[in-house]
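Chain by chain, the residues run as shown.
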Amino acid sequence: MKVEKFVTGIISTNCYLVINEETRQTVVIDPADCPSYLKKHIQEEGYQIEAIFLTHGHFDHMMGIDKFLKEFQVPVYVHEDDSDIMTDPKLNLSATYTAGYTFANAQTVHDGQILKAAGYEFQVIHTPGHTRGGCCYYVKEENILFSGDTLFQRSIGRSDFPNSSTADLVRSVREKLFVLPEDTFVYPGHMGETTIGYEKKNNPYV
């Protein structure tokens, strides 16, 4: 598995391409935008986009969906508890920062579900707190976690938004993520990468 990070959108969101280097099959995680240089890179590398995974429904993780779908007709997945904010500009915060954005055609997933894409199995881990339907995607065989806005390097996601909960967020990190192997490599929704073991020892919020 090869993971490429592109920082896109107005809040510097980490958009990831998760690539099977043998088949060129690729999953997109949290497309804040789909700038021309990213589309060109995908085309030049011959990546075959199979799906878009959202860690949650805030605007800064999904505003590139429509641009991606113009080029690549693929399914979009989001946790079932965030399906409502996908279609509400106030709840997904796009009305606060932009002219507003919604997306109504996402397929919903649930805790523990396994999504098979690009030759890998992505386990959905429901981690409410930042949003009700926040989730992470865990690829056990590769020892990799895509944590969205649940867990950051020495930090956690904000919990002062509608439908956020500090208690739920801390519980999610402790009970859902800190039980993973300590050498699990974490790709967060913002800022730099980390590991579960490092966060267990150094994260001041948990």
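Residues numbered from 1 in each chain as written. Predicted model: local features only at pLDDT ≥ 70, side-chain atom pairs only at ≥ 80, totals over all residues. Heavy atoms only, no water.

1. Concerning the sheet that holds strand S13 (residues 185-188)
- The strand order across the open sheet built from six strands is S7-S8-S9-S10-S13-S14, with neighbouring strands paired in mixed fashion. Every other strand in the sheet has two partners, leaving strand S7 (114-117) and strand S14 (194-195) as the edge strands with one partner each.
- Examined bridge by bridge, S7 and strand S8 (residues 120-126) share four bridges and lie antiparallel to one another. Across the sheet, the residue bridging to Lys 116 is Glu 121, located in S8. (Pairing = 2+ DSSP bridges. Helix = DSSP H or I, 4+ residues; strand = E, 2+ residues; numbered from the N terminus.)

2. Regarding the pairing of strand S9 (residues 135-139)
- Across the five residues that make up S9, a large majority, five, are buried.
- Side chains Cys 135, Tyr 137 and Val 139 of S9 all project onto a buried face; the interleaved residues Cys 136 and Tyr 138 project onto the opposite face, where all are buried too.
- Connecting the antiparallel pair S9 and strand S10 (residues 144-148) is a turn made up of four residues, with Asn 143 showing a positive phi of about 60°. (Buried < 20%, exposed > 50% of the residue type's maximum accessible area, 1.4 Å probe, protein only.)

3. Here we look at the nonpolar core
- Among the nonpolar cores identified, the biggest contains 23 residues, and Leu 17, Ile 42, Ile 52, Leu 54, Ile 65 and Phe 68 are the most heavily contacted of them.
- Elements supplying a minimum of two residues to this core: strand S2 (13-19), helix H1 (36-45), strand S4 (48-53), helix H2 (65-71) and strand S5 (76-79).
- The contacts of Ile 52, once residues within four sequence positions are left out, are Val 28, Pro 31, Phe 68, Leu 69, Val 74, Pro 75, Val 76 and Tyr 77.
- Of all hydrophobic cores here, the second largest spans 21 residues; its members include Ile 29, Ala 118, Cys 135 and Phe 146. (Core = buried A, V, L, I, M, F, W, Y, C linked by side-chain atoms within 4.5 Å. Contact = heavy atoms within 4.5 Å.)

4. So, the sheet that holds strand S3 (residues 25-29)
- The sheet built from six strands is open, its strands ordered S1-S2-S3-S4-S5-S6 with mixed pairing. One side of each edge strand has no neighbouring strand; the edge strands of this open sheet are strand S1 (2-8) and strand S6 (107-109). In this sheet, neighbouring strand axes are inclined to one another by 25° on average, regardless of whether the strands run parallel or antiparallel.
- With five bridges joining them, S3 and S4 adopt parallel strand pairing. Counterpart to Val 28 in the pairing with S4 is Ile 52.
- Against the sheet, H1 engages S1, S2 and S4, with an angle of about 160° to S1. (Axes fitted to C-alpha atoms, helices over the stretch in contact; angles between N-to-C directions.)

5. Comments concerning the pattern of salt bridges
- This model, assessed by the stated rule, comprises 12 salt bridges.
- Lys 2 is the salt-bridge partner of Glu 4, the closest N and O atoms lying 3.1 Å from each other.
- Between Arg 132 and Asp 84 there is a salt bridge; the shortest N-O distance is 2.8 Å. You can see Arg 132 sitting in the loop between S8 and S9 and its partner Asp 84 sitting in the loop between S5 and helix H3 (94-97), a full 48 residues away along the chain.
- The partly exposed category is assigned to Asp 84, whose relative accessible area is 31%. (Salt bridge = Lys/Arg side-chain N within 4 Å of Asp/Glu carboxyl O.)

6. Quick notes on the packing of aromatic side chains
- A complete count under the given rule lists 10 aromatic pairs for this structure.
- Each ring, one from Phe 6 and one from Tyr 37, has its centre 6.5 Å from the other, and the planes form 40°; the classification is tilted. Here Tyr 37 lies in helix H1 and Phe 6 lies in strand S1, a separation of 31 residues in the sequence.
- The class of Phe 6 is buried, set by a relative accessible area of 14%. (Phe/Tyr/Trp six-rings, centres within 6.5 Å; stacked < 30°, edge-to-face > 60°.)

7. Describing the side chain of Thr 184
- Looking at the element boundaries, Thr 184 is found in the loop between helix H4 (166-177) and S13.
- Reaching out from Thr 184, the side chain makes a polar contact with the backbone oxygen of Pro 181 at a distance of 2.7 Å.
- Those residues within four positions of Thr 184 in sequence are excluded, and the remaining contacts are Tyr 138, Asn 143, Ile 144, Leu 145, Thr 194, Thr 195 and Ile 196. (Polar contact = N/O pair within 3.5 Å; in protein donor to acceptor, adjacent residues only side chain to side chain.)

By themselves these figures say nothing about function.
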